[in-house]
Amino acid sequence: MIRTYKPKTIKQNITKIEVPNKINSNRLRVMALGGLEEVGRNMSLIEYGDDIIIIDMGLQFPEEDMPGIDYIIPNTDYLKKNIDRIRGVIITHGHMDHIGAIPHIMGEIGNPPMFMGKMTAGLVRKRVEEHRKCPKLNIAQIDETSNIKLGQSFRVEFLRVNHSIPDCFAIIIHTPVGSVVHTGDFKIDYSPVNDKPADLNRIAQLGGNGVLLLMSDSTDATHPGYQKSESSIGDEMGQLFKKIEGRIIIGTFASQLSRIQKIFDIAEGLGRKVYLQGRSMNDNVEIARQIGYLKFNSSLLANDNEISKIPDNKLMILGTGAQGESNAFLMRVVNGDHRTVSLKDGDTVIFSSSVIPGNERSIQTLKDMIVRQGAKVVHYEMMDVHAGGHAKQEDLKLMMRLLKPRYFMPIEANHYMLRAHAELAEQVGIPKENIFVADNGQVIELVKDSQGGVNGKLTSEKVLTDYVMVDGLGVGDVSNIVLRDRRVMSEDGMIVIIATIDSKTGEQIGNPDIISRGFVYMKENRELIQKTRMKVKKIVKDHDSRTPADTDNIKNKIRNDVGQFLFKETKRRPMVLPVVIKV
Ligand SMILES: [Zn+2]
């Protein structure tokens, strides 16, 4: 189900103006439908005359007060009203906060052509696979040599930048009013892993030719200094891993592919096998490998059957969940819910990603539980095993110095970081009146004057950006639930319990029937099945005598109690399907 809802935050005093369907003017209009008041939901629009182009289509993870909401996507009201003017969608890189809303939005805005790098295309195709409502996308792959014309007004080029995933591009949009540069997420890395370094030479050239407006990543604008190179991080990790004697268990983001490559290389060097855990981790590694952004020998990966035989000092386990996410690999391990991995003395658990604000408590709980179970914890606070993917203050200043933009618009962060970035812009000499700290939906206009100069201003016009929330149960496709069920069944199987009760008294008639598929082989587990049968009989017998035939209640109780009982006995969580027949 997709719902819209007004955010609680108090906005600046901005008047909402109904925008006419067609704006035939020589104004260059720039706005962001998301990503100016939060980290995530990134989506920018550039308009001129009869043409609109879109940059990125990301999702935002929900706030704590939005139970049951999977994520939030940008509001497309404005685009739907202007659907005939949309010329194309450009994606800067493959992270969810830049691609996550694609399957929900593309069908609503007429499925315009899309342009993105190779790795990004692989991730986008994977992302839309499970969404039946998403039309077949028309994706063109681009690289730093591409030059595309979109509509009458735009010519677009691509500039290689670095980040924590390969194939990231800043976007250069040549318009009749001047050139706009949108950095996407970036850092400057002179020695990236499996990727080309950011093209500083070309950035300087662009600056020489004149940049009208720079829209730049503000995620790390409050951090002084330079961002570290991915390869230097790799070296630090290598030093750390060498000293560890037991098993190494690493929690990281499945999207940090550069990091994953480094970890694979180190594992290979140390003669350790890698046991890969988590669905997103396996998917991403597979995609990146097919495309050639991850390089490793397939014998490096260990499978379920092998890991009990591999000595501790020859094993490295790589999984998701370093943010304390409840269903991810690390949390399942500490909760004793994981099929094949449990912690023991001598294990070292490494958190290889920085703490996302808001996750502090769940990460602390996770660390407590790990240490309780005898393992050691290494976090980047204790030893820097993490390089962020975003430019810090000195990198941001370098970008501004090289591009020398006339106007500047900080993007991709909360308002606080945007302000910090605006201050940096002032420090490098961009006049305050040429810096636009906008809110979501607020329109920037750049207009040519009669002398051929350009005047830019932050207007008070604001297009609709109210939250659009998606919960996986009701986006209209059941595929998510079906997949969730399939995952449970594929891991631990299912057990069907058929109880027959007297519709008047609620008494059990005969013995409950039990059918197991993919859980245990019944003939070899007679005792367990017998105990389960007794358990079911007891549940039926103990039911509330005031509601003898409340089958829903009995079913729920069977599902919960038998589920717990089976977990206690087998450490597995099969799907329990109770069937209560009244006679
Ligand atoms: Zn990113």
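Look up: the structure comes first, before these words.
Residues numbered from 1 in each chain as written. Predicted model: local features only at pLDDT ≥ 70, side-chain atom pairs only at ≥ 80, totals over all residues. Heavy atoms only, no water.

**Student:** Sorry if this is basic, but what is going on with the sheet that holds strand β9 (residues 147–150) here?
**Tutor:** The strands that make up a sheet are held in pairs by hydrogen bonds between backbone atoms, and each pair lies either parallel or antiparallel. Strand order in the open sheet formed by six strands is β9-β10-β11-β12-β13-β19, with mixed pairing between adjacent strands. Strands with a single pairing partner mark the edges of an open sheet, and in this sheet they are β9 and β19 (405–411). Taken pair by pair, the neighbouring strands of this sheet meet at an average axis angle of 20°, ignoring direction. Relative to strand β10 (residues 154–161), β9 is paired through four bridges, and the arrangement is antiparallel. The partner of L150 across the bridge, within β10, is F154. Strand contacts of helix α5 (residues 200–209): β10, β11 (168–175) and β13 (211–217), with the helix running at about 145° to β10, the strand carrying the most contacts. Helix α12 (residues 415–427) rests against β13 and β19 of the sheet, and its axis sits at about 160° to β19. (Pairing = 2+ DSSP bridges. Helix = DSSP H or I, 4+ residues; strand = E, 2+ residues; numbered from the N terminus. Axes fitted to C-alpha atoms, helices over the stretch in contact; angles between N-to-C directions. Contact = heavy atoms within 4.5 Å.)

**Student:** Would you take a moment to explain the packing of aromatic side chains for this structure?
**Tutor:** Two aromatic rings are characterised by how far apart their centres lie and by the angle between their planes. By the definition in use, this model includes three aromatic pairs. Arranged with centres 5.5 Å apart and planes meeting at 15°, the rings of Y407 and F436 form a pair that is stacked. Taken together, the positions of Y407 in strand β19 and F436 in the loop between α12 and β20 (442–448) put the pair 29 residues apart, joining distant regions of the chain. According to the relative accessible area criterion, F436 is buried, its value standing at 3%. Just above the ring of F296 sits the side chain of R289; from NZ or CZ to the centre is 4.3 Å. We note K571 situated over the ring of F567; from NZ or CZ to the ring centre the distance is 5.0 Å. (Phe/Tyr/Trp six-rings, centres within 6.5 Å; stacked < 30°, edge-to-face > 60°. Buried < 20%, exposed > 50% of the residue type's maximum accessible area, 1.4 Å probe, protein only. Lys NZ or Arg CZ within 6 Å of the ring centre and 35° of its normal.)

**Student:** Whenever I open this one, unusual backbone geometry confuses me. Can you help?
**Tutor:** Negative phi values dominate among residues other than glycine, just as trans dominates among peptide bonds. Despite not being glycine, D56 has its phi angle at roughly 70°, a positive value. Here D56 lies in the loop between β4 (51–55) and β5 (71–73). Of note, the phi angle at D167 is positive, near 65°, even though the residue is not glycine. In this fold, D167 is placed in the loop between β10 and β11.

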